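# Fold and geometry: a report
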Amino acid sequence: MEWVKQGLIFEPAGKFGWMNTHAQIPTVLVMADRLRVYFATRPRPDLTLTTFCDLDRRDPKQILYVHEEPILEPGKRGMFDNHGIMPNFVTLRDGKVWLYYVGWYRGSSIPYHNAIGLAVSEDGGTTFKKVFDAPILDRTPLEPYSMGSIYIVDENDLQHMFYTYVFDWLSIKDKLEPIYHIRHATSENGIEWTKTNRICIMHRHEYEAVARPSIIRRDGRYEMWFCFRGSEDFRGGKDSYRIGFAWSNNLLDWHREDQRAGIDVSATGWDSEMITYPCIVPVDGKYLMFYNGNGFGKDGFGYAIASWEGNCGA
């Protein structure tokens, strides 16, 4: 099981005077003639905004359009998304485009707090309106820390969300660093979620963080790719993000086998230090993985194609 890299596609490069760095967490909506990729970009280091670009469905290396404005504004002072909005999962429901996103704000005792918000588009995914000013997934009495990146699977009239949960902050070399793993929740309407408190992808050691699940169903089972890192030297060093793999027969019990992920850093170039934030979509009989490289997507995003034959019917 291997992924064949196709290179860097989109670079922010100061486009429109505000996409100064990062095209982070590519989140893909498959459309009739194009792939719409939502991503988070940074006008300045303390602000994250979301917009999108369109790629040719037949040749994703070809950029058809870049949207010149953010699709959502940050929340007002004191709201969960006051300092940033980052896309995470997009889907079509009842003719509308639902975009789940991570909102964040800076903290005083910790660097930031994350929670999950929801916005909906009625024009095919160009403009969005927040469903609520508050998050749809946040802290609970049993989960007192942050929620992060998500993926949703529809199964038997029930929606299964796999979300990143920050379960502690560590002091590493005089800096506070979060550690997290992937947990599970269910919903009947995509808005009200019941957390099962089930850990699906556990960290392998006390300093590991596991995030950004992306799931496909293939050969009668579920397969998940995700990213993981250490905490000592993960901003371009030995503990930087890599992509891992797990599989399940029932969406609840997951077997982690990172050696089967089929993709790793390159010898040189934009993804030579880290590889992270996978998003896998079926397109015209193939699976495509969109992902970020060095600097958590500072240079942009690229993609890879699954090498195995007859892998999907989309």
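Residues numbered from 1 in each chain as written. Predicted model: local features only at pLDDT ≥ 70, side-chain atom pairs only at ≥ 80, totals over all residues. Heavy atoms only, no water.

## With respect to the sheet that holds strand β13 (residues 194-201)
In spatial order, the strands read β10-β11-β12-β13; together these 4 strands make up an open sheet with antiparallel pairing. Among the strands making up the open sheet, the edge pair consists of β10 (147-155) and β13. For this sheet, the mean angle separating the axes of adjacent strands, direction not counted, is 30°. Pairing analysis gives 7 bridges linking β10 to strand β11 (residues 158-172), with the strands arranged antiparallel. Across the sheet, residue V153 finds its bridge partner in β11, namely H160. (Pairing = 2+ DSSP bridges. Helix = DSSP H or I, 4+ residues; strand = E, 2+ residues; numbered from the N terminus. Axes fitted to C-alpha atoms, helices over the stretch in contact; angles between N-to-C directions.)

## Some details on the nonpolar core
Grouped together as the largest cluster of nonpolar side chains are 47 residues, with contacts concentrated most on Y100, F162, I201 and W254. In contact with I201, not counting residues within four places along its chain, are H181, I182, V210, M224, F226, A246, W254 and R256. Core analysis: the next-biggest nonpolar cluster, separate from the first, contains 22 residues, W18, C279, F301 and I305 among them. (Core = buried A, V, L, I, M, F, W, Y, C linked by side-chain atoms within 4.5 Å. Buried < 20%, exposed > 50% of the residue type's maximum accessible area, 1.4 Å probe, protein only. Contact = heavy atoms within 4.5 Å.)

## Comments concerning the sheet that holds strand β19 (residues 286-292)
Judged by pairing direction, the sheet is antiparallel, and its 4 strands sit side by side in the order β1-β20-β19-β18 without closing on themselves. Both edges of this open sheet fall to β1 (3-10) and β18 (276-283), since each of them pairs with a single strand only. Averaged over neighbouring strand pairs, the angle between their axes works out to 25° when direction is ignored. In terms of strand pairing, β1 meets strand β20 (residues 301-306) through 5 bridges, oriented antiparallel. Note that in β20 the partner of K5 across the bridge is A304.

## Comments concerning unusual backbone geometry
One non-glycine residue, H22, lies in positive phi territory at about 70°. With respect to the helices, strands and loops of the structure, H22 is situated in strand β2 (residues 21-30). Take H22: its relative accessible area is 6%, and that puts it in the buried class. A positive phi angle, near 55°, is found at I25, a position not held by glycine. When you line up the elements, I25 lands in strand β2. Classification of I25 by relative accessible area gives buried; the value is 6%.

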